[in-house]
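# An overview of the molecular structure
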Amino acid sequence: MTTEQLKNWLKAQRPELGSCIRLGAVDANAEYFLGVYPAARSGPAHIALGGAAQTSYQVQAFRLLLRWGKAQPEAEAQATALWGLFYGLTGAQMAGADVCLADPGAGPIPLGRGPDGVFEYAINLTMTCKKE
């Protein structure tokens, strides 16, 4: 699964976010913004007994950064709705990738306000996907 596939799936699920979503870079001037980033994952790589040829799935990590306006309740609601797209998600097709399990963590992480007063939230997403 790639960040591009994740971005495209998010656009399909929430079309109103389509013009706000970017890959790998923060638009610090945008009051409404969703960034999709690859994230580092700790621990060893998953390799099945028998080697890489026998491994049928991979675990990937992403980070979603949401900047959403200057009203905290609205920003929190958007972050919670975004987090809810992944909570309990199993057996999904995401723009050509087979996702067995999505884990968005315990909830959106409030990051406070950016220098321009816009509220920011992060979602640390771990996804178990079938190997492509």
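Structural data are supplied above this passage.
Here's what I pulled together on the structure shown here. (Residues numbered from 1 in each chain as written. Predicted model: local features only at pLDDT ≥ 70, side-chain atom pairs only at ≥ 80, totals over all residues. Heavy atoms only, no water.)

## Things to note about the environment of Trp68
Inspection of the secondary structure assignment puts Trp68 in strand E3 (residues 57–68). As for Trp68 and Lys7, which are separated by 61 residues in sequence, their C-alpha atoms are 17 Å apart. Sequence-distant contacts of Trp68, that is, excluding residues within four places in its chain, are made with Leu17, Cys20, Glu31, Tyr32, Phe33, Glu74, Ala75, Gln78, Val118 and Phe119. (Helix = DSSP H or I, 4+ residues; strand = E, 2+ residues; numbered from the N terminus. Contact = heavy atoms within 4.5 Å.)

## Quick notes on helix H2 (residues 72–86)
With 15 residues, H2 ought to run about 21 Å at 1.5 Å a step, and its terminal C-alpha atoms sit 22 Å apart, in line with that. Looking at H2, one finds that the buried residues are Ala75, Ala79, Leu82, Trp83 and Phe86. One face of H2 carries all of its buried residues, which in axial projection span an arc of 100 degrees. Where H2 is buried, its residues contact helix H1 (3–13), strand E2 (32–38), E3, strand E4 (90–94), strand E5 (97–103) and strand E7 (119–130). Looking one or two residues beyond H2, the residue adopting positive phi is Gly88, at roughly 75 degrees. (Expected span 1.5 Å × (residues − 1). Buried < 20%, exposed > 50% of the residue type's maximum accessible area, 1.4 Å probe, protein only. Arc of directions from axis to C-beta.)

## Quick notes on the nonpolar core
Within the largest apolar cluster, 30 residues are counted, with the highest numbers of intra-cluster contacts made by Met1, Leu6, Leu10, Leu64, Phe86, Met94 and Met127. Breaking this core down by element, the ones donating at least two residues are H1, E2, E3, H2, E4, E5 and E7. The leading source of residues in this core is E7, at six residues. The contacts of Met94, once residues within four sequence positions are left out, are Met1, Gln5, Leu6, Trp9, Phe86, Leu89, Val99 and Met127. (Core = buried A, V, L, I, M, F, W, Y, C linked by side-chain atoms within 4.5 Å.)

## Describing the pattern of salt bridges
As enumerated under the stated definition, the model contains four salt bridges in all. Note that Arg14 is salt-bridged to Glu16, the shortest N-O span being 2.6 Å. Judged by relative accessible area, which is 11%, Arg14 ranks as buried. One salt bridge connects Glu120 with Arg67, and the closest N-O pair in it is separated by 2.6 Å. Of this pair, Glu120 sits in strand E7 while Arg67 sits in strand E3, placing them 53 residues apart in sequence. One connected set of salt bridges, linked through shared partners, spans Arg67, Asp116 and Glu120. (Salt bridge = Lys/Arg side-chain N within 4 Å of Asp/Glu carboxyl O.)

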